[in-house]
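# Coordinates in review
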Amino acid sequence: MRVWLVVYGVSYVVIEMVGASLESVGWPRVTALDVATAVTDAFLAVSVVLAVLLGLRLGAERWGRSLALRFDDGESVEPARAAPIGVRSWRPEPLALPSAAARPVPTRSTYAVGAYTSRRRRVAPSFPEDPGHLL
């Protein structure tokens, strides 16, 4: 079927639905809100019909062949099961842990201040009452 014929048919149906809705209101009393409501209702109806048709088409593609085989032979058709696909692991091989003697000495952060620091001179005091440089 030609696309232009489908577009013409859908636009004709939308225009007829809008016209019927506006005629039910009465032509002398038509407002912008009535026109917007009529157009919205028409496009909603067309989109619901198109969604149903799309669902039927997808259902026919999905189950059409198995239903045709089932009704032709009178026996059920088992879906073909493929073997599982093997996948390599993305994880690298585990590395050996370093010995305790080779561990680096933990370095102090510039911002590590307060009760958990081992340095005698603190950059900032733990509490505002302590002497030191405050921001």
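Computed from a predicted model, the values in this text were never measured in an experiment.

## A few points about the overall build of the protein
- For the protein, the count of helices and strands is 2 helices and 0 strands.
- Long-range contacts, defined here as pairs at least 24 residues apart, represent 21% of the contacts in the protein between residues at least 6 apart.
- For the protein, the accessible surface area stands at approximately 12,900 Å², while carbon and sulfur atoms represent 64% of it.

## Things to note about the pattern of salt bridges
- Within this structure, the stated rule accounts for 1 salt bridge.
- One salt bridge connects Arg57 with Glu61, and the closest N-O pair in it is separated by 3.4 Å. With Arg57 and Glu61 both in helix H2 (residues 32–73) and 4 residues apart, the pair spans about one turn of that helix.
- Take Arg57: its relative accessible area is 57%, and that puts it in the exposed class.
- Given a relative accessible area of 54%, Glu61 falls into the exposed group.

## Concerning a nonpolar patch on the surface
- A cluster of nonpolar side chains, namely Leu44, Val48, Val49, Leu50, Val52, Leu53 and Leu56, defines an oily patch on the protein surface of about 660 Å² accessible area.
- If you trace the backbone, Val52 turns up in helix H2.

## Overview of the environment of Ser24
- Among the secondary structure elements, Ser24 is positioned in helix H1 (residues 3–25).
- Within the local environment of Ser24, its side chain forms a polar contact with the backbone oxygen of Ser21, the two atoms lying 2.6 Å apart.

## Examining H1
- Its 23 residues give H1 an end-to-end C-alpha distance of 34 Å, which sits within 8% of 33 Å, the value for a rise of 1.5 Å per residue.
- Within the sequence span of H1, burial applies to Val14, Val18 and Leu22.
- The positive-phi residue at the C-terminal boundary of H1 is Gly26, with phi of around 110°.

## Quick look at the nonpolar core
- Counting 6 residues, the largest nonpolar core is built from Val14, Val18, Leu22, Ala38, Ala42 and Val46.
- Secondary-structure elements contributing two or more residues to this core are H1 and H2.

Analysis parameters
- Residues numbered from 1 in each chain as written.
- Predicted model: local features only at pLDDT ≥ 70, side-chain atom pairs only at ≥ 80, totals over all residues.
- Heavy atoms only, no water.
- Helix = DSSP H or I, 4+ residues; strand = E, 2+ residues; numbered from the N terminus.
- Contact = heavy atoms within 4.5 Å.
- Areas by Shrake-Rupley, 256 points an atom, 1.4 Å probe, with all protein chains shown as cover.
- Salt bridge = Lys/Arg side-chain N within 4 Å of Asp/Glu carboxyl O.
- Buried < 20%, exposed > 50% of the residue type's maximum accessible area, 1.4 Å probe, protein only.
- Patch = residues over 30% accessible without salt bridge, like charges linked within 9 Å, V, L, I, M, F, W, Y side chains within 5 Å.
- Polar contact = N/O pair within 3.5 Å; in protein donor to acceptor, adjacent residues only side chain to side chain.
- Expected span 1.5 Å × (residues − 1).
- Core = buried A, V, L, I, M, F, W, Y, C linked by side-chain atoms within 4.5 Å.

Nothing here speaks to function; it is geometry throughout.
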